[in-house]
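# A look at the structure
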Amino acid sequence: MPIPVDHAPIRTSLLRDTVHDRLRDAIVDGTLAPGEVVRDTELATWLGVSRTPVREALLRLGESGLVRAAPGRSTVVAEIDLAEVRQAHAVVVSMHRLAVVEAVARLTPAHLDTMRAANARFAAALDAHDTDAALAADDDFHAVAVEVSGNRALATVLDQFSPVVRRLERRRFASLAGSESVALHERLVETCASGDVEAAAEVAYRTWQNLADLIPDTDPQEIP
């Protein structure tokens with residue numbers, strides 16, 4: 001049989017997305033530090049890929065505000081801009097609320113069990129002071145509503161702006177009392193299970209609005 005013509009583009013797309021995600025995560029977790037110069041040749045060597053997907057990834061990261069570049073000048077990891085974090089946070093809050101509104105009627109018992117399991121991992125990670133595990137579990141918890149909503153536009157917006165918020169969130173996460181988040185997660189599962197869309201939306205809003213406390217009024221470089 002003839003070789004499928006769409007095989008190569010799919011692989012290229014997956015590679016491009018993988019490179020973008022690796023670089024995004026490296027910026028969010030601080031592996032690539034604010035102000036650090038990033039060169040496509042060095043990044044390509046590090047990731048074991050060609051320069052093309054790295055360049056494409058850097059363009060996307062520039063659109064998210066995670067890197068800065070100017071014609072004829074080096075590309076650098078962007079410093080944390082508090083105004084941009086606040087703007088991104090407002091968008092993230094609204095999108096997660098909308099995700100819950102659109103997902104409630106579609107959530108199955110299996111989906112709710114997935115959320116409960118993720119919240120249990122979240123609570124355990126908080127107790128163990130494991131920031132990476134806590135943030136991963138938190139992502140898994142909220143991803144259920146996003147995926148079940150089936151809203152691609154919503155998911156795309158979150159993919160672009162969540163890293164801007166998460167970048168600062170990681171730096172202050174250890175100082176945030178997580179018990180309220182665990183309780184809000186439990187309440188969100190309860191309201192979703194009851195089918196109360198308005199109540200679930202309000203809990204989702206409160207859960208994400210609490211992150212506003214992580215956004216300081218001073219330069220994040222001054223945060224201990």
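The residue count restarts for each chain, going from 1 along the sequence in the order it is written. At least 70 in pLDDT is required for a residue's local features to be given in this predicted model, at least 80 for side-chain atom pairs to be given and counted, and no such filter applies to totals for whole chains, interfaces and linings, which use all residues. Side-chain metrics in this entry use all non-hydrogen atoms of the structure; hydrogen atoms and water are not considered.

Another aspect to go through is unusual backbone geometry. A positive phi angle is found at His129, which is not glycine, with a value near 55°. Position of His129 among the secondary structure elements: in the loop between helix H5 (109-127) and helix H6 (131-149). A 1.4 Å probe rolled over the protein chains alone gives each residue an accessible area, and that area as a share of the maximum for its type sets the label: buried under 20%, exposed over 50%, partly exposed in between. Judged by relative accessible area, His129 falls into the exposed class, the value being 71%. The helix and strand labels rest on DSSP assignments: H or I over at least four residues marks a helix, E over at least two residues marks a strand, and numbering proceeds from the N terminus.

Before going further, it helps to spend a moment on the pattern of salt bridges. Side chains that differ in sign of charge can pair as their charged atoms come close. The term salt bridge refers to a pairing of a side-chain nitrogen on Lys or Arg with a carboxyl oxygen on Asp or Glu at a separation within 4 Å. Applying the stated criterion across every chain yields a total of 15 salt bridges. The partner of Asp159 in a salt bridge is Arg24, and the shortest N-O contact between them spans 3.5 Å. Placement of the pair is Asp159 in helix H7 (residues 152-172) and Arg24 in helix H1 (residues 7-28), with a sequence separation of 135 residues. On the basis of relative accessibility, which here comes to 15%, the residue Arg24 falls in the buried class.

This part takes up the layout of surface pockets. The pocket and cavity definitions rest on a 1 Å grid over protein atoms only: a 1.4 Å probe that fits but cannot leave marks a cavity, an open set with protein on both sides within 12 Å along at least five of seven lines marks a pocket, and residues lining either have an atom within 4 Å of a point. Grid points are joined across faces, edges and corners, and a volume is the space filled by probe spheres set on the points. Approximately 650 Å³ is the volume found for the largest pocket. Elements that contribute at least two residues to the lining of the largest pocket include exactly H1, helix H4 (82-103), H6 and H7. The element contributing the most residues to the lining of the largest pocket is H7, with nine residues. Of the residues belonging to the lining of the largest pocket, the class tally is 11 nonpolar, three polar and 10 charged. Lining of the second largest pocket is provided by 13 residues; of these, Arg55, Leu58, Leu59, Ala69 and Thr75 occupy positions nearest its centre. Looking at the lining of the second largest pocket, the elements with two or more residues in it are strand E1 (37-38), helix H3 (51-64) and strand E2 (67-68). At four residues, the largest contribution of residues to the lining of the second largest pocket is made by H3. A breakdown of the residues in the lining of the second largest pocket according to their chemical character gives six nonpolar, three polar and four charged. Gly is put with the polar residues, along with every residue not named as nonpolar or charged; the nonpolar set is Ala, Val, Leu, Ile, Met, Phe, Trp, Tyr, Cys and Pro, and the charged set is Asp, Glu, Lys and Arg.

Moving on, we get to empty space enclosed by the protein. Considering all chains together, one arrives at four cavities of 30 Å³ or more under this definition. In terms of lining, the second largest cavity is formed by Gly65, Leu66, Arg68, Glu79, Ile80, Asp81, Glu84, Val85, Val164, Arg167 and Leu168. Listing elements by their share of the lining of the second largest cavity, those giving two or more residues are H4 and H7. Along the lines of polarity and charge, the residues of the lining of the second largest cavity split into five nonpolar, one polar and five charged.

What follows covers the confidence of the model for the protein chain. The predicted model of the protein chain averages 86 in pLDDT, with 85% of residues at 70 or higher. By mean pLDDT, the top-scoring element of the protein chain is H5 (95), and the lowest-scoring one is H1 (76). Residue-level confidence of the predictor is what pLDDT reports, using numbers from 0 through 100. The contact criterion used is simple: two residues touch if any of their non-hydrogen atoms lie within 4.5 Å. For residues 1-11, every residue scores under 50 in pLDDT, and the model assigns this stretch zero contacts once sequence neighbours within four places are set aside. When the criterion is pLDDT under 50, residues 220-224 qualifies, and its contacts beyond four places in sequence or with other chains add up to nine contacts.

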